[in-house]
Structures are given as C-alpha cells and as structure tokens.
Amino acid sequence: MEPSWIVVAGAALVPLGFVAAYLRARRRRGAQVAPRPAAPPVDRLREAILGVVEEPTPSARPWVVLVTGVNGVGKTTTIGKLAARHAAAGRSVLLVAGDTFRAAAIDQLAVWAARTGAELVRQAPGANPSAVVFDGMKAALARAIDVVLIDTAGRLHTRTNLMDELRKVQRVIAREVPGAPHETLLVLDATTGQNAIAQARTFSEALGVTGIILTKLDGTARGGVAIAIREQTGIPIRYLGVGEGTEDLRPFDAHQFVLALLEPDVPAAARAQFA
C-alpha cells in the first residue's frame, strides 16, 4: 500500500508517517520543530533528522570492527558483505568467528572468507568467544591485517549474560589493540519496527554502538525506522542492506534517502530502496 502524503515547505511531498514520527520524536525531546527558513527542504530534513555521516575510512592498522546484533537479523551475512567491500578497496581482511554458540554461524563465516579472499580465525563450536577474539587480535597483528571484522553471539538482547559477554570481548580487543574496537556496529532488521529501536538502545547502553546497519530494506520494510532510530538514539546509520547480493550492502546516503521521500519525480523503483 502506498503511504499517505502531505505537502511540506509549500512544495515537497513527504509521507505522513515520516512527518508524524519526526514531530512525535521532537515533542518527546522538547525540541523546536520550526525549520530554518534558509535551508532547502532536502538539506534541512537530512541534517535535522538523519545527520550527515560519511562512510568511515580505516585510519588504524588493524582497523577493528565489532559487529553485534540479535540472531536472525542477518549479522553474519552482513559481515561477509563488509568483507567484500573492504577487499574490493584493496584491504586485507580477517574474519573472527566469535559467535561460537552457533556452529552454522562459524561455517557461514568460513564460506564468506573463501568467497572474499579473507583470512579466518575460528575455534570449535562452544569455545570461549573471548579466547577466539584474543587469537584473532594476535593473528591480525602478526599478519599485518588491514581490517578485522568480528562476529559475535546474538541471543536475546534482554539477557544480561549476553551483554556481559560482549563487554568482555570488547575488553580483550582493547587490551590487545589499543584504541580498538574502532567501530562497534549493530545490525538491525528494519522490519521489526519498535523492537529494532529497543535493541538499539540496549546494545548502545551496554557497548557504545557507533553505527547501525539496517538490513531487509528490500521494499518489504519501510525506511521510517531509520528516522526513528536516529531521532531516538542519536546513533548514525552506516549501511543499508537492500537485497541478498554481495553488492546489496550500501553506504547509507542521507541525502538520497530524504530525496526519495521528498522528490515526486524519483522513479518508484528507486524510491523503493528507501521506502
């Protein structure tokens, strides 16, 4: 079903739910909703709601990225796609199979390592995740790896023991590679709505999440969850997963996202990426 549209700033068409969510979030935070008159509608909404966040370029070696998220959001697949992006940029990549509670996750990561040419550190299912991560950090330093991507367990986010385990993993990383992890990314399923926002809050409070990857934005999910997450948590959206292919993990472009909502001449097929 096509969303209801209203006119904003005298010209721009915006989905009604987009504006309603924006106003509700602003009202909860006690912020003013009046726009700055000098700013164009696209730029104003982009900056006020979603911010302007460039895809980070690794500035340390190894550049360590801890990837978190509950089971079922596509976390391990997303790591594989991130590995492919870094490999395409000419960087050496090491994958660390820190989700030792699921044998399938370890096997899946091994497939992605072979597919992308990445190296892999793994242990047997049931091994101590912190021990696997320790081995991964040692291997990255010894092999002069550019980028390390660490998979983690994803049991229910309401369980304290999961957060304790993830904090322990963070401490191991920081001890072996000072300044790391350089990014802590949270993978969220865009189709889960308010539950995704709750997960963002929980993981961020426990781990200091620096960026979010929204998956399953393939036309079946509404991109409004990106707005709600940004407004309610302040965490930037880093990437969007818009399909199953390796190339379907794309850096989040706030300008294009807002443009797709505001510009009536954008083709429907293009708009579906962000709808």
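Starting afresh in each chain, residues are numbered from 1 along the sequence in its written order. Reporting of local features is limited, given that this is a predicted model, to residues whose pLDDT is at least 70; pairs of side-chain atoms are given and counted only at 80 or more, and all residues count toward the totals for whole chains, interfaces and linings. To obtain the side-chain values, all non-hydrogen atoms of the structure were included, while hydrogens and water were left out.

## Digging into the packing of helix α3 (residues 75-88) against helix α4 (residues 103-116)
Taken N-terminus to C-terminus, the directions of α3 and α4 make an angle of 20°; their axes are 9 Å apart at the nearest point. The angle between α3 and α4 places the two elements in the roughly parallel class. Every pair of crossing elements has a handedness; the one defined by α3 and α4 is right-handed. On α4, the residues that touch Thr76, Thr77, Ile79, Gly80, Lys81, Ala83, Ala84 and Ala87 of α3 are Ala105, Gln108, Leu109, Trp112 and Thr116. Side-chain classes follow a simple rule in which Ala, Val, Leu, Ile, Met, Phe, Trp, Tyr, Cys and Pro form the nonpolar group, Asp, Glu, Lys and Arg form the charged group, and the remainder, Gly included, forms the polar group. Along the lines of polarity and charge, the residues of the contact of α3 with α4 split into seven nonpolar, five polar and one charged. Angular values range over 0 to 180 degrees, each being the angle between N-to-C directions of two axes fitted as lines to C-alpha atoms, with helices fitted over their stretch in contact. Helix numbers and strand numbers start at the N terminus; a helix is a DSSP run of H or I with at least 4 residues, a strand a run of E with at least 2. For this classification, under 35 degrees means roughly parallel, over 145 means roughly antiparallel, 65 to 115 means roughly perpendicular, and everything else is oblique. Here a crossing is called left-handed whenever its near helix is offset anticlockwise from the far helix by less than a right angle, and right-handed whenever the offset is clockwise. Any pair of residues with heavy atoms lying within 4.5 Å of one another is described as a contacting pair.

## Quick notes on the environment of Gly179
In this fold, Gly179 is placed in the loop between α6 (160-176) and β7 (183-189). Relative accessibility decides the category of a residue: with a 1.4 Å probe and only protein chains considered, values under 20% of the type maximum give buried, values over 50% give exposed, and everything between is partly exposed. The exposure class of Gly179 is exposed, given its relative accessible area of 62%. Taking the C-alpha atoms as reference points, Gly179 and Trp63, separated by 116 residues in sequence, lie 9.6 Å from one another.

## Quick notes on the pairing of strand β8 (residues 211-215)
Buried residues dominate β8, accounting for five of its five residues. The alternating pattern of β8 places Gly211, Ile213 and Thr215 on one face and Ile212 and Leu214 on the opposite face, and all of these are buried. Strand pairing requires that DSSP identify at least two bridges connecting the strands. In this sheet, β8 lies alongside β7 in parallel orientation, the contact comprising five bridges. Its bridge partner lying in β8, Val187 is registered against Ile213. Read from β7 through helix α7 (residues 194-207) to β8, the crossover connection turns out right-handed. Note that β8 and strand β9 (residues 237-241) share three bridges and pair parallel. By the bridge assignment for β9, Ile213 is matched with Tyr239. Note on handedness: a crossover is taken as right-handed if, strands pointing away from the viewer, the path from the first strand over the helix to the second is clockwise.

## Remarks on the nonpolar core
To qualify as a nonpolar core, a set must consist of buried Ala, Val, Leu, Ile, Met, Phe, Trp, Tyr and Cys residues joined through side-chain atoms within 4.5 Å. Within the largest apolar cluster, 52 residues are counted, with the highest numbers of intra-cluster contacts made by Leu95, Leu149, Phe203, Ile212, Leu214 and Ile229. The element that contributes the greatest number of residues to this core is α7, accounting for six residues. Among residues more than four places away in sequence, those in contact with Ile229 are Leu188, Ile197, Ala200, Ile212, Leu214, Gly234 and Ile237. Val64, Leu94, Val121 and Ala180 belong to the second-largest nonpolar core, a separate cluster that totals 19 residues.

## Here we look at helix α5 (residues 129-142)
Along an α-helix, residues three or four positions apart point the same way, because every turn accommodates 3.6 residues. A helix is expected to span 1.5 Å for every residue after the first. Helix length check: α5 (14 residues) gives 20 Å between terminal C-alpha atoms against 20 Å at 1.5 Å per residue, within 8%. All of the buried residues in α5 are Pro129, Ser130, Val132, Val133, Gly136, Met137, Ala139 and Ala140. In protein, a polar contact requires one atom able to donate a hydrogen and another able to accept it; more generally it is a pair of N or O atoms within 3.5 Å, and residues adjacent in sequence count only if both atoms are side-chain atoms. Between the side-chain oxygen at the start of α5 and the backbone nitrogen of Ser130 there is a gap of 2.9 Å, and the oxygen is on Asn128. Where α5 ends, the next residue or the one after it, Ala144, has phi of about 55°, a positive value.

## Digging into the pairing of β9
Of all five residues that make up β9, five are buried, and the element is covered over most of its length. Here three bridges tie β9 to strand β10 (residues 249-251), and the two strands are oriented antiparallel to one another. For Gly241, the partnering residue across the bridge sits in β10 and is Leu249.

## Some details on the pattern of salt bridges
Salt bridge criterion: a side-chain nitrogen from Lys or Arg within 4 Å of a carboxyl oxygen from Asp or Glu. Counted under the stated rule, the structure contains 11 salt bridges. Two residues, Lys75 and Asp151, come together in a salt bridge whose shortest N-O distance is 3.2 Å. Linking Lys75 in helix α3 with Asp151 in strand β6 (residues 147-151), this pair joins segments that are 76 residues apart in sequence. Accessibility assignment for this pair places Lys75 and Asp151 in one class, buried. Note that Lys216 is salt-bridged to Asp189, the shortest N-O span being 3.2 Å. In this pair, Lys216 is assigned in the loop between β8 and α8 (224-233) and Asp189 in strand β7, connecting sequence segments 27 residues apart. Connected through shared salt-bridge partners, Lys138, Arg175 and Glu176 make up one network.

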